[in-house]
Amino acid sequence: EIQQFVLALTIYREARGESAQTKLCMACSVRNRVLHPKWWGGTYYDVCTKKFQYSSMAAPRDPNLILFPSLNDSVFKECMDIASKVINGCPTPMETHGADSYFDDSISAPKWATPDKFIAKIEHFNFYNLDGDTNDA
């Protein structure tokens, strides 16, 4: 299914070097956007491909934009499993409850990353709740 594939590809491109827990938290932040549709869209496909939201999926200069896993890539298989669980409603880890945005330590903190919106730091990911919704699955 296209929704699962697009979410798994987003997880793979954004967090392939992170633990399964961090991949899950990252995917749940995407789900929080899907559950609370706004300008970013209301499906996994729309949210993941919204220009400049997930740079690895839609930012023209991101080198990950052209990265695709090989057919036997075990990390991508893990991403597909996580995507399936997230789409089918597995519980959001408490440490990122409500998060709808994040940035990786490899970039400078964006303007929107203000202390009042901070949720948690997990490995290299800094999670934020920008819209204030906390009733994620």
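Above this text you will find the structure in question.
If you're wondering where the values come from, they're calculated on a predicted model, not measured in any experiment.

Draft legend 1. Structural context of the pattern of salt bridges. For the structure on display, the rule yields 3 salt bridges. Ionic pairing is found between K23 and E78, a salt bridge with its closest N-O pair at 3.0 Å. Of this pair, K23 sits in helix α2 (residues 20-35) while E78 is found in helix α5 (residues 74-87), placing the two residues 55 residues apart along the sequence. The buried category is assigned to K23, whose relative accessible area is 2%. For K121, the salt bridge identified is with D105, shortest N-O distance 2.4 Å. Here K121 is found in strand β2 (residues 118-122), whereas its partner D105 is found in the loop between β1 (101-104) and β2, with 16 residues between them in sequence.

Draft legend 2. How the structure looks around the packing of aromatic side chains. What the rule picks out here adds up to 11 aromatic pairs. An angle of 65 degrees between the planes, with centres 5.9 Å apart, marks the rings of F5 and F76 as edge-to-face. Note that F5 is positioned in helix α1 (residues 2-15) and F76 in helix α5, a separation of 71 residues in sequence. According to the relative accessible area criterion, F76 is buried, its value standing at 11%. A centroid spacing of 5.9 Å and a plane angle of 50 degrees characterise the contact between Y102 and F127, whose relative ring orientation is tilted. Residue Y102 is located in strand β1, and its partner F127 is located in strand β3 (residues 125-128); the two are separated by 25 residues in the primary sequence. Of the two residues, Y102 and F127, neither departs from the other in class, the shared state being buried. Put simply, the rings of Y54, Y102, F125 and F127 touch in pairs and so form one group of aromatic residues.

Rules and cut-offs
Residues numbered from 1 in each chain as written. Predicted model: local features only at pLDDT ≥ 70, side-chain atom pairs only at ≥ 80, totals over all residues. Heavy atoms only, no water. Salt bridge = Lys/Arg side-chain N within 4 Å of Asp/Glu carboxyl O. Helix = DSSP H or I, 4+ residues; strand = E, 2+ residues; numbered from the N terminus. Buried < 20%, exposed > 50% of the residue type's maximum accessible area, 1.4 Å probe, protein only. Phe/Tyr/Trp six-rings, centres within 6.5 Å; stacked < 30°, edge-to-face > 60°.

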